[in-house]
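The chain contents come next:
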Amino acid sequence: MAICEFIVNWAGGVPATALPYALAALGLIVSERAGVLNLTAEGLLLVGALAGIGASLAIADRPWVALPAAVLAAMAVGLLFAGLVVLLRVNQVIAGLAVVFFCQGLTSLLGTLAEWQNHPISGLGKLIVWPLSELPAGTHALFQQDGLVYALLPIFYGVHRVLFKSMTGLRLRAVGEAPEAADSAGLGVTRYRVLAVVAGSALIGLAGGYLAVGGTKMWFGGMTGGRGWIAVALVIFARWRPWRALFGALLFGCIESMVPRIAAAGISVPQYFILMTPYLVTIAVMVWAGRGKGGADLDEPGALGRPHVREERR
Amino acid sequence: MGSRWLRGCLAAGLVLMGFSSQALADGFTLEGKPKVAFLYFDAKNDGGWTQSFEESRGAIEKAMDEKIPYVEKVPENAAQIRPAAEKLIARGYNVIIGTAFGYSDTFKELAGKYPKVVFLNAAGTTNGPNLQSFYGRTYQSQYLCGMVAGAMSKSGKLGFVAAHPFGVVNWTINAYEMGARLVNPNATLTVVYTGAWNDPVKERAATEALIDQGIDVIGQHVDTPMPQIVAQERGVYATGHHRDMREFAPKATLCSSVWVWSKFLVPELKTISAGNWTPEPFGAFPSIKEGGTDIACCGPAVPKPAVDKVMAERQALLDGKQIFAGPLSDRDGKERVPAGKVLADGDLWKMDWFVPGVITQR
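Given the structure is predicted, the values throughout are model-derived calculations rather than measurements.

1. Description of the overall build of chain B
In terms of helices and strands, chain B carries 11 helices and 14 strands. In terms of overall size, chain B behaves like a compact globule, its C-alpha atoms giving a radius of gyration of 22 Å where 362 residues would be expected to give roughly 21 Å. Dimensions of chain B, computed from C-alpha atoms along their principal axes, come out at roughly 65 × 60 × 40 Å. Residues classed as buried in chain B amount to 58% of the 362 residues present. Pairs at least 24 apart in sequence give 66% of the contacts found in chain B among residues at least 6 apart. Summed over its atoms, the accessible surface of chain B is roughly 14,900 Å², and 57% of this surface lies on carbon and sulfur atoms.

The following block contains the structure:
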């Protein structure tokens, strides 16, 4: 029984742990499918987190205020990034890193100035939806999730449909694979790229907002703790495919949610080995994913990281 | 016999002479009045460690009758610490108080470069003729918190959210469990290390995992109030660290281990100001009696008899009771402190063993 309870509790904790990774990776995929190499996730997560808490404290302590605020704030910063790399054609790696540092400083400063630090909010509550709530009480820990967890599958399905089953998605991917060809076909490369970056940023902002509003329910400077970088790695692992990113995020969530539970259950295993496992598994899965068939290179969008300049020969 | 007596006398005389001349030659004396300034590691309202210094600053200003400036968010790297400190020194400040372990090396270097300036550093590891690190004996206040936790736990299962497994953290864990066992001899303490001082996401996961295991009082030694907040959400109790955590979780917080820096720093600054100050060779390590650390006790949930018991034990600590006194064995049965002995400070700092009842990863 104890072991059943352990598994139910553990599995119940997985979605909340995996969700920020999944949404952030999805946001990065949207941007990178359009050919814009995006390293801004860590910064945008912070922006989303701060905006979510800030809106809760300044406007109303409601998730439907906080999460849109997180999305909008991240979109604004995403627009800045898009302006840098698409319009001004700054090197995408450097611009991405610069945006992260900028966001780290900015959020920390704003959080201090506005005194948003150390004020708990009630945030996103757990809910259990109808057919699942009828299951035996022992399983409730499994299905009692934040509202956003239930929205995760529709979001992934929606993004997948748009990217791979719609004309917009086809054009977006064309811009990412061969911007010159897309340009000759009359597609607005700049427009598609800016929109893709901003839309992707919205998803990353939502992930950041969730970390704060659904997770910590409080603002701490630098609270994302490197989770954005893991999302960047997840994108490569997922070979720029949404469902694989979701799988990767869940895998990561499983392990991360397991780590404290092993200790809490009093199982003695070497401390630092356990803290290392999420990263170890990431490397292992990347190696596995990269073997054979030319590895990840085949799936990488053809023009990833390359700014498009009309009339310029390459 | 006679010559031995004479030699004894001579030695005593020499020691006395040496003492007085040494005091004149070796004790540190500031030129002019002390002008104190703080370097804060984080924001002054970080809710924990840094805020405890900010709160002591007012009391120190009053006692020393001077305005004490501070620089916030000085991260733990030399390129940021050096200019911040040097700017203050150039403006005439001659007592610089740092607040981070990571300032240790830079403060050592600055102390050599500015021999006329006093450097004090909380949680530091370096010392010198004009440099002294200081830290509170947190195991005393956490021991008292453990007593409260032991008294309030229905299941006898306590949990602890900790940052890193090393001496400073391990001694609070051991003392917490020893305090709990004083009240409930069967109490156990399950520890989750998050591997970070400030990762609220991991702290939340750790606290939830502990509560899911049937643990009903959570202790902590991390830099955020996250464990208290989760405890309150889940309807269990918690004890805080750094500051009185009732600010964040009034229902869940039973008591907190708090910093009372002014109680240590005011007399220390007065000593420095009087001249002939000799810094402790291995840093100052004040107990509840000397300031540094104390317990903020207790929330309304704790019954009067339990509070009285804790306060009586606090008085015993003030009167010199030692927590890590022998005979004391670790959880594997190995004797760590022989009967009649007390664990030395050096062994405290490298504590890597746990008392019976503590459940941790290896």
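2. Side note on the nonpolar core
Leu23, Leu148 and Met223 of chain A are the most contacted members of the largest nonpolar core, which totals 103 residues. One finds Leu158, Phe160, Cys298 and Phe324 of chain B within the second-largest nonpolar core, a separate group that totals 74 residues.

3. Here we look at the pattern of salt bridges
Oppositely charged side chains can pair when the atoms bearing their charge come close. For the structure shown, the criterion picks out 24 salt bridges over all chains. When the shortest N-O distance is used, the salt bridge between Asp199 of chain B and Arg227 of chain A registers 3.4 Å. Of the two residues, Asp199 of chain B is situated in the loop between β7 (188-193) and α7 (200-212) and Arg227 of chain A in helix α11 (residues 227-237); the pairing between them involves two chains.

4. A few points about the state of the cysteines
Taken as a whole and assessed by the stated rule, the structure comprises 1 disulfide over all chains. At a sulfur-sulfur separation of 1.8 Å, the disulfide partner of Cys297 of chain B is Cys298 of chain B. Here the disulfide of Cys297 of chain B and Cys298 of chain B is left-handed, its torsion about the S-S bond being about -85°. Free of any disulfide, Cys4 of chain A has its nearest neighbouring cysteine sulfur in Cys254 of chain A, separated by 17 Å. Cysteine Cys255 of chain B shares no disulfide, and the gap to the nearest cysteine sulfur, in Cys145 of chain B, comes to 3.5 Å.

5. Concerning the packing of aromatic side chains
All names here are of chain A. Per the stated rule, a full pass over the model turns up 26 aromatic pairs over all chains. Taken together, a centroid distance of 5.2 Å and an interplanar angle of 70° make the contact between Tyr21 and Phe252 edge-to-face. One end of the pair, Tyr21, is in helix α1 (residues 2-33); the other, Phe252, is in helix α12 (residues 242-264), with 231 residues separating them in the sequence. Note on Phe252: relative accessible area 4%, which makes it buried.

6. Side note on the interface of chain B and chain A
In this assembly, 36 residues from chain B lie in contact with 35 residues from chain A. Among the ionic pairs, Asp212 of chain B bridges to Arg261 of chain A, the shortest N-O distance being 2.8 Å. The interface formed by chain B and chain A includes 7 residue pairs in polar contact (both at pLDDT 80 or more). When contributions to the side of chain B that touches chain A are tallied by element, the ones reaching two or more residues are β7, α7 and α8 (226-234) of chain B. Ranked by residues supplied to the side of chain B that touches chain A, first place goes to α7 of chain B with 9 residues. A class-by-class count of the residues in the side of chain B that touches chain A yields 16 nonpolar, 11 polar and 9 charged.

7. A short note on the UniProt feature "domain: ABC transporter substrate-binding protein PnrA-like" (unreviewed entry) in chain B
When the UniProt feature table is mapped onto this chain numbering, "domain: ABC transporter substrate-binding protein PnrA-like" (unreviewed entry) sits at residues 34-276 of chain B. For residues 34-276 of chain B, the end-to-end C-alpha separation is 13 Å, with 44% helix and 21% strand making up the annotated structure.

8. A few points about a nonpolar patch on the surface
Residues and elements named next belong to chain A. A cluster of nonpolar side chains, contributed by Val93, Ile94, Leu97, Phe101 and Trp229, occupies part of the molecular surface with about 460 Å² of accessible area. Ranked by residues supplied to the nonpolar patch, first place goes to helix α4 (residues 92-113) with 4 residues. Position of Trp229 among the secondary structure elements: in helix α11.

9. Some remarks on the sheet that holds β7 of chain B
Residues and elements named next belong to chain B. Spatially, β11-β10-β9-β8-β6-β7-β14 is the arrangement adopted by the 7 strands of the open sheet, whose pairing is mixed. Of all strands in the sheet, those bounded by a partner on one side alone are β11 (292-297) and β14 (358-359). Contacts between α8 and the sheet are confined to β6 (157-162), β8 (217-221), β9 (237-242) and β10 (253-260), with β9 contributing the most and set at about 165° to the helix.

10. A closer look at the confidence of the model for chain B
Confidence along chain B averages 90 in pLDDT terms, with 93% of residues attaining 70 or more. In this model, residues 8-24 of chain B is a region of pLDDT below 50 whose contacts with residues beyond four sequence positions or in other chains number 4 contacts.

11. Let's talk about helix α7 (residues 147-165) of chain A
Residue and element names in this part refer to chain A. Taking 1.5 Å as the rise per residue, α7 with 19 residues should run 27 Å; its terminal C-alpha atoms sit 27 Å apart, in good agreement. Of all the bends found along α7, the most pronounced is centred on Leu153 and spans about 30°, while Pro154, a proline, follows it within four residues. Of all the positions in α7, only Leu148, Val149, Leu152, Phe156, Val159, His160 and Leu163 are classed as buried. Where α7 is buried, its residues touch α1, α3 (63-87), β2 (145-146), α8 (167-177), α10 (189-216) and α12.

12. Structural notes on the side chain of Asp294 of chain B
Residues and elements named next belong to chain B. With respect to the element layout, Asp294 can be found in strand β11. Residue classification places Asp294 among the buried positions, given a relative accessible area of 10%. At 2.8 Å, the side chain of Asp294 and the side chain of Arg314 are in polar contact. Discounting residues that sit within four places of it in the chain, Asp294 has contacts with Ser141, Ser256, Ser257, Val258, Val260, Ile288 and Arg314.

13. A few points about the packing of α1 of chain A against α11 of chain A
All names here are of chain A. Two numbers describe how α1 lies on α11: the axes approach to 8 Å, and their chain directions differ by 55°. Classified by the angle their axes make, α1 and α11 are oblique. Here α1 runs over α11; the crossing is right-handed. Along the contact surface, α1 presents Tyr21, Ala24, Ala25, Leu28, Ile29 and Glu32, while α11 presents Arg227, Ile230, Ala231, Val232, Leu234 and Val235.

14. Some words on the sheet that holds strand β5 (residues 131-134) of chain B
All names here are of chain B. The 5 strands lie next to each other as β2-β1-β3-β4-β5, forming an open sheet whose pairing is parallel. In this open sheet, the two strands that pair with only one neighbour each are β2 (70-71) and β5. Across the face of the sheet, helix α2 (residues 49-64) comes into contact with β1 (36-39), β2, β4 (118-122) and β5 while running at roughly 170° to β1. Helix-sheet contacts for helix α3 (residues 78-90) involve β1, β2, β3 (95-98) and β4, and the interaxial angle to β1 is about 165°.

15. Describing α3 of chain B
All names here are of chain B. End to end, α3 covers 18 Å across 13 residues, agreeing with the expected 18 Å (1.5 Å per residue, within 8%). Close packing links the buried residues of α3 with β1, β2, β3, α4 (104-113) and β4. Positive backbone phi, at 100°, marks Gly92, one or two positions downstream of α3.

About the thresholds
- Residues numbered from 1 in each chain as written.
- Chains lettered and ligands numbered in written order.
- Predicted model: local features only at pLDDT ≥ 70, side-chain atom pairs only at ≥ 80, totals over all residues.
- Heavy atoms only, no water.
- Helix = DSSP H or I, 4+ residues; strand = E, 2+ residues; numbered from the N terminus.
- Rg over C-alpha atoms; globule rule 2.2 N^0.38 Å.
- Buried < 20%, exposed > 50% of the residue type's maximum accessible area, 1.4 Å probe, protein only.
- Contact = heavy atoms within 4.5 Å.
- Areas by Shrake-Rupley, 256 points an atom, 1.4 Å probe, with all protein chains shown as cover.
- Core = buried A, V, L, I, M, F, W, Y, C linked by side-chain atoms within 4.5 Å.
- Salt bridge = Lys/Arg side-chain N within 4 Å of Asp/Glu carboxyl O.
- Disulfide = S-S within 2.5 Å.
- Phe/Tyr/Trp six-rings, centres within 6.5 Å; stacked < 30°, edge-to-face > 60°.
- Polar contact = N/O pair within 3.5 Å; in protein donor to acceptor, adjacent residues only side chain to side chain.
- Nonpolar A, V, L, I, M, F, W, Y, C, P; charged D, E, K, R; others polar.
- UniProt positions renumbered as here; feature names shortened; annotations may be inferred.
- Patch = residues over 30% accessible without salt bridge, like charges linked within 9 Å, V, L, I, M, F, W, Y side chains within 5 Å.
- Pairing = 2+ DSSP bridges.
- Axes fitted to C-alpha atoms, helices over the stretch in contact; angles between N-to-C directions.
- pLDDT = per-residue confidence, 0-100.
- Expected span 1.5 Å × (residues − 1).
- Bend = angle between axes of the 7 residues up to and from the residue.
- Parallel < 35°, antiparallel > 145°, perpendicular 65-115°, else oblique.
- Left-handed = near helix turned anticlockwise from the far one by under 90°.

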